[in-house]
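# Structural overview
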Amino acid sequence: MLVAVMLFGVGWLVGRTYTVVVLAMTSTVIMITASAIFITTYGLDVLHTLITLGYLGAPQSGYLLGAFMNGYQHDS
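Attention here is on the structure that accompanies the text. (Residues numbered from 1 in each chain as written. Predicted model: local features only at pLDDT ≥ 70, side-chain atom pairs only at ≥ 80, totals over all residues. Heavy atoms only, no water.)

### So, the overall build of the chain
In terms of regular secondary structure, the chain is built from 3 helices and 0 strands. Counted from the first residue to the last, the chain has its helices and strands arranged as α-α-α. Summarising its shape, the C-alpha atoms of the chain cover approximately 45 × 20 × 20 Å along the three principal directions. Across the 76 residues of the chain, 25% fall into the buried class. At a minimum sequence separation of 6, the contacts of the chain that also span at least 24 residues come to 75%. With the model as given, the accessible surface of the chain reaches about 5,400 Å², and the carbon-plus-sulfur share is 74%. (Helix = DSSP H or I, 4+ residues; strand = E, 2+ residues; numbered from the N terminus. Buried < 20%, exposed > 50% of the residue type's maximum accessible area, 1.4 Å probe, protein only. Contact = heavy atoms within 4.5 Å. Areas by Shrake-Rupley, 256 points an atom, 1.4 Å probe, with all protein chains shown as cover.)

### A look at the packing of aromatic side chains
Per the stated rule, a full pass over the model turns up 1 aromatic pair. Between the aromatic rings of phenylalanine 38 and tyrosine 42, the centroid separation amounts to 6.2 Å while the plane-to-plane angle is 45 degrees, which identifies the pairing as tilted. Classification of tyrosine 42 as exposed rests on a relative accessible area of 55%. (Phe/Tyr/Trp six-rings, centres within 6.5 Å; stacked < 30°, edge-to-face > 60°.)

### Overview of the nonpolar core
Soluble globular proteins tend to bury their nonpolar side chains together. Core analysis: the biggest nonpolar cluster contains 7 residues, these being Leu7, Ile30, Ala34, Phe38, Tyr55, Leu56 and Ala58. Where this core is concerned, the elements lending two or more residues are helix H2 (20–41) and helix H3 (46–69). For leucine 7, the residues in contact, after removing those within four places along its chain, are Ile30, Tyr55, Ala58 and Pro59. (Core = buried A, V, L, I, M, F, W, Y, C linked by side-chain atoms within 4.5 Å.)

### Here's the deal with the side chain of threonine 52
When you line up the elements, threonine 52 lands in helix H3. Judged by relative accessible area, threonine 52 falls into the buried class, the value being 8%. A polar side-chain atom of threonine 52 sits 2.9 Å from the main-chain carbonyl oxygen of histidine 48. Leave out the neighbours within four places in its chain, and threonine 52 touches Met31, Ala34, Ser35 and Phe38. (Polar contact = N/O pair within 3.5 Å; in protein donor to acceptor, adjacent residues only side chain to side chain.)

### Brief notes about H3
The end-to-end C-alpha distance of H3 is 35 Å, a good match for the 34 Å that 24 residues give at a rise of 1.5 Å each. Looking only at H3, the buried set comprises His48, Thr52, Tyr55, Leu56, Ala58, Pro59, Gly62, Tyr63, Gly66 and Ala67. Where H3 is buried, its residues touch helix H1 (2–17) and H2. (Expected span 1.5 Å × (residues − 1).)

### Concerning H1
The periodicity of an α-helix, 3.6 residues per turn, causes residues three or four places apart in sequence to face the same way. Here H1 contains 16 residues, and its C-alpha end-to-end distance of 23 Å stays within 8% of the 22 Å for a straight helix at 1.5 Å per residue. Those residues of H1 that sit buried are Leu7, Gly11, Val14 and Gly15. Buried positions in H1, seen along its axis, are confined to an arc of 100 degrees and lie on one side of it. Seen from the open side of H1, the exposed residues pointing more than 90 degrees away from its buried face are Leu2, Val5, Met6 and Thr17. If you follow the buried residues of H1, they end up packed against H2 and H3. (Arc of directions from axis to C-beta.)

Bear in mind that shape data such as this cannot, by itself, settle questions of function.
This is the structure:
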């Protein structure tokens, strides 16, 4: 849970500062790292796949909040 909160904070900072390209690179690193750790330690199962998806969702939702708070230009 603490990892997801930290990833949300990272996503929020990325949303306030950078574009979605940086978010895509960050999500790739998170997916590869979490998958590598879970596969080498526990093996591949449904629970750890869902945890990895949760870790991927945290920075993306943080990015959306950060971009919204930064005044992201959207069509009116």
